[in-house]
Amino acid sequence: MKELWVTKYRPTTIGEYVFRDEAQKSQVSSWLESKAIPHLLFSGAAGTGKTTLAKVLLNELEVDEGDVLFINASVNNGVDWIRDNINNFATTMPFGEFKYVFLDEADYLSQNAQAALRGVMERFDNSCRFILTCNYPHKIIEAIHSRCQGFHIEKLDKTEFTARVAEILITEGVTFEIETLDLFVAAEYPDMRKCIGLCQQNAQTGTLLTPHVEDLGESDYKVQMIALFREGKVAEARKLICQKASLDEYEDIYRHMYENLQYWGDDEDVQKQAVVIIRNGLVNHGVIADAEINLAACCIELELLRQ
């Protein structure tokens, strides 16, 4: 297990990549047939395959590495850095027909940096193609939207998602219970990258194991949290959340509780009450200063509801 599964099983061809539907696959195939792509803006949730699709395209087009400039906009996002580095790259002769600027996580760019990027895209339109990825397309200015062909990557169907992770485990010779795999899927869906990585981390013995509380890493706690919720151990789940979760994960935890109302009971009236409790908790999350106390109070109310 020395090789990272995320890298080992990352698609490298169009045939290996899982598209939302045949229409999207046909569109990508048409670009490859013409041996050219327009400026592209890939959007979608984290871990759904935006960066992978960009790399698949460059691989299928057989673009020389020297013709590709990769920029991680979550790290390098200053106006001068964007303008100067792309200018320096784009002014040299390409080995192939085009140069390609691959700007990952473009929604981290400031408005000024995006305005500078728009100018560079206009200047080198005939010699350079731009591929941008983002989680939140509304953070990209309209001037860039108008210059790119939008391509939204939907999350995989949960069944397909589970089947893909199971396929990797089987290929790696890892034994697992479907109930255990379901915990990992519930914790990380729709982020395939995180789910695969978390499974590898917890399958070092050749068997996929639910992590023990004392061995939990930064991302493992969600698996144990879900297991505790399913067993009705809300108090233990609450303590685990308050101990392990960061504040920016709280909204996702509220969302998970809402999407799994069966945790609080099968009765329809009970689930309606649970919706109100969770909704109030989420609303107060942005109002009450101590978010941890607010989430703990919500869990206590849900625990009482189960009883």
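Our subject is the structure listed above.
Cut-offs applied
Residues numbered from 1 in each chain as written. Predicted model: local features only at pLDDT ≥ 70, side-chain atom pairs only at ≥ 80, totals over all residues. Heavy atoms only, no water. Helix = DSSP H or I, 4+ residues; strand = E, 2+ residues; numbered from the N terminus. Buried < 20%, exposed > 50% of the residue type's maximum accessible area, 1.4 Å probe, protein only. Areas by Shrake-Rupley, 256 points an atom, 1.4 Å probe, with all protein chains shown as cover. Lys, Arg positive; Asp, Glu negative; His and termini not counted. Charge placed at Lys NZ, Arg CZ, Asp CG, Glu CD. Salt bridge = Lys/Arg side-chain N within 4 Å of Asp/Glu carboxyl O. Pairing = 2+ DSSP bridges. Axes fitted to C-alpha atoms, helices over the stretch in contact; angles between N-to-C directions. Contact = heavy atoms within 4.5 Å. Core = buried A, V, L, I, M, F, W, Y, C linked by side-chain atoms within 4.5 Å. Right-handed = clockwise from strand over helix to strand, strands pointing away. Parallel < 35°, antiparallel > 145°, perpendicular 65-115°, else oblique. Nonpolar A, V, L, I, M, F, W, Y, C, P; charged D, E, K, R; others polar.

Undergrad: I keep staring at the overall build of the protein and nothing clicks. Help me out?
TA: Tallying secondary structure elements over the protein gives 14 helices and five strands in all. Taken along its principal axes, the extent of the C-alpha atoms in the protein is 70 × 50 × 35 Å. Looking at the protein as a whole, 45% of its 307 residues are labelled buried. Surface exposure of the protein reaches about 15900 Å², of which carbon and sulfur atoms provide 48%. Distance between charge centroids for the protein: 3 Å, based on 30 positive and 48 negative side chains.

Undergrad: What is the right way to read the pattern of salt bridges from this model?
TA: When the charged atoms of two side chains with opposite charge come close together, those side chains can pair. If you walk through the whole model with that rule in mind, you get nine salt bridges. Taking the shortest distance from any N to any O, the salt bridge between Arg-147 and Glu-122 comes out at 2.3 Å. Residue Arg-147 is located in the loop between helix H6 (142-145) and strand S5 (149-152), and its partner Glu-122 is located in helix H5 (residues 111-123); the two are separated by 25 residues in the primary sequence. Judged by relative accessible area, Arg-147 falls into the partly exposed class, the value being 29%. Accessibility expressed as a relative area gives 44% for Glu-122, which makes it partly exposed. Two residues, Arg-255 and Asp-252, come together in a salt bridge whose shortest N-O distance is 2.7 Å. You can see Arg-255 and its partner Asp-252 sitting in helix H12 (residues 250-259), three residues apart, about one turn around the helix. The partly exposed category is assigned to Asp-252, whose relative accessible area is 41%.

Undergrad: When you look at the pairing of strand S1 (residues 40-43) in this model, what are you seeing that I'm missing?
TA: Every regular strand shows the same layout, with side chains that alternate between the two sheet faces. Of the two faces of S1, both are covered, the one formed by Leu-40 and Phe-42 as well as the one formed by Leu-41 and Ser-43. Pairing analysis gives four bridges linking S1 to strand S4 (residues 128-134), with the strands arranged parallel. Bridged to Leu-40 within S4 is Ile-131. Where S1 lies against S5, four bridges are found, and the strand directions are parallel. Of the residues in S5, the one forming a bridge with Leu-40 is Gln-149.

Undergrad: Sorry, what's going on with the sheet that holds S4 here?
TA: Strands pair in a sheet through their backbones, by hydrogen bonds, and they do so in one of two ways: parallel or antiparallel. What the five strands build is an open sheet, ordered S2-S3-S4-S1-S5; its pairing is parallel. The sheet terminates laterally at strand S2 (68-72) and S5, the two strands that pair on one side only. Neighbour-to-neighbour, the strand axes of this sheet turn through a mean angle of 15°, independent of strand direction. Here helix H2 (residues 22-34) sits on the sheet and contacts S1 and S5; the angle it forms with S5, its principal contact strand, is near 140°.

Undergrad: Is there a simple way to explain the nonpolar core in this structure?
TA: Note that soluble globular proteins tend to have their nonpolar side chains buried in a common cluster. Trp-5, Cys-199, Phe-229, Ile-253, Met-257 and Trp-264 are the most contacted members of the largest nonpolar core, which totals 50 residues. Ranked by size, the runner-up nonpolar core spans 26 residues in total, among them Val-120, Leu-132, Ala-143 and Ile-144.

Undergrad: Would you explain the pairing of strand S3 (residues 99-104) in this entry?
TA: With respect to burial, S3 is a largely interior element, six of its six residues being buried. Neither face of S3 is left uncovered, since the one carrying Lys-99, Val-101 and Leu-103 and the one carrying Tyr-100, Phe-102 and Asp-104 both have all their residues buried. Pairing of S2 with S3, which is carried by five bridges, proceeds in the parallel orientation. Its bridge partner lying in S3, Phe-70 is registered against Phe-102. As for the winding sense of the linkage, the β-α-β connection from S2 through helix H4 (residues 79-90) to S3 is right-handed. Pairing of S3 with S4 involves five bridges; the strand directions are parallel. Bridge pairing in S4 places Val-101 opposite Phe-130. Of the crossover connections in this fold, the one passing from S3 over H5 to the parallel S4 is right-handed.

Undergrad: Sorry if this is basic, but what is going on with the packing of H12 against helix H13 (residues 268-285) here?
TA: A pair of packed helices is captured by two measures, namely the crossing angle of their axes and the spacing between those axes. In the contact formed by H12 and H13, the axes pass within 10 Å of each other and the chain directions differ by 170°. Considering the angle they form, H12 stands roughly antiparallel to H13. Residue-level contacts link Tyr-250, Glu-251, Tyr-254, Met-257 and Tyr-258 of H12 to Val-275, Ile-278, Gly-281, Leu-282 and His-285 of H13. For the contact of H12 with H13, the per-class residue count stands at seven nonpolar, two polar and one charged.

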